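The residues making up each chain are set out below.
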Amino acid sequence: MRRVMFIEKRYLGIKDCAQYIGVTQGTLYAWVCYRKIPYLKVGRLVKFDIKAIEEWLKRRLVAQLN
């Protein structure tokens with residue numbers, strides 16, 4: 001019997017994060033430049049913690065009007 005392990009991808013690059021939240025890479029770079037989105041630097045690379053991005057998105061949820 002062979003065991004298959006799945007590793008959850010916790011950190012996303014610019015391309016994957018832009019695709020995940022539905023914006024262009026240019027928009028995401030601008031948000032990073034103006035510090036409008038949580039990110040971290042690994043050397044010269046910009047990475048996004050998917051959990052932090054999900055929390056960031058939840059804080060921007062607009063309430064429904066009845």
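Keep in mind that what you see is a predicted model, and the values were worked out from it rather than measured.

A. Geometry of the overall build of the protein. Counting its secondary structure elements, the protein contains three helices and three strands. Reading the secondary structure of the protein in the N-to-C direction produces β-α-α-β-β-α. A compact globule built from 66 residues should have a C-alpha radius of gyration of about 11 Å, whereas the protein, at 15 Å, is more than 25% larger. Counting only C-alpha atoms and orienting by the principal axes, one finds that the protein spans roughly 55 × 40 × 15 Å.

B. Fine view of helix 1 (residues 14-21). Every buried residue of helix 1 is listed here: Ile14, Cys17, Ala18 and Ile21. Along helix 1, the residues classed as buried sweep out an arc of 100° about the axis, all on the same side. Facing away from the buried side of helix 1 by more than 90 degrees, the exposed set consists of Lys15 and Gln19. For helix 1, the elements touching its buried residues are strand 1 (11-12), helix 2 (25-33), strand 3 (45-49) and helix 3 (50-59). Within two residues after helix 1, Gly22 carries a phi angle of roughly 80°, on the positive side.

C. Just a nonpolar patch on the surface, in detail. A grouping of Tyr11, Leu40, Val42 and Leu45 is seen on the molecular surface, where their side chains present a nonpolar patch of about 350 Å² in accessible area. According to the relative accessible area criterion, Leu40 is partly exposed, its value standing at 31%.

D. Examining the packing of helix 1 against helix 2 more closely. One can describe the packing of helix 1 onto helix 2 by two numbers: an axis separation of 9 Å at closest approach and a directional angle of 105°. One finds that helix 1 runs roughly perpendicular with respect to helix 2. Mapping the contact onto sequence places Ile14, Lys15, Cys17, Ala18 and Ile21 in helix 1 and Gln25, Leu28, Tyr29 and Trp31 in helix 2. Considering only residue class, the contact of helix 1 with helix 2 consists of seven nonpolar, one polar and one charged.

E. Molecular detail of the sheet that holds strand 1. Pairing is antiparallel across the open sheet formed by three strands, whose spatial order is 1-3-2. Single-partner strands in this sheet number two, and they are strand 1 and strand 2 (40-42). The pairing of strand 2 with strand 3 spans three bridges and is classified as antiparallel. Each residue of the ladder has a partner; that of Leu40, found in strand 3, is Lys47. Its contacts with the sheet place helix 3 against strand 1 and strand 3, and it is angled at close to 65° to strand 3.

The rules behind the values
Residues numbered from 1 in each chain as written. Predicted model: local features only at pLDDT ≥ 70, side-chain atom pairs only at ≥ 80, totals over all residues. Heavy atoms only, no water. Helix = DSSP H or I, 4+ residues; strand = E, 2+ residues; numbered from the N terminus. Rg over C-alpha atoms; globule rule 2.2 N^0.38 Å. Buried < 20%, exposed > 50% of the residue type's maximum accessible area, 1.4 Å probe, protein only. Arc of directions from axis to C-beta. Contact = heavy atoms within 4.5 Å. Patch = residues over 30% accessible without salt bridge, like charges linked within 9 Å, V, L, I, M, F, W, Y side chains within 5 Å. Areas by Shrake-Rupley, 256 points an atom, 1.4 Å probe, with all protein chains shown as cover. Salt bridge = Lys/Arg side-chain N within 4 Å of Asp/Glu carboxyl O. Axes fitted to C-alpha atoms, helices over the stretch in contact; angles between N-to-C directions. Parallel < 35°, antiparallel > 145°, perpendicular 65-115°, else oblique. Nonpolar A, V, L, I, M, F, W, Y, C, P; charged D, E, K, R; others polar. Pairing = 2+ DSSP bridges.

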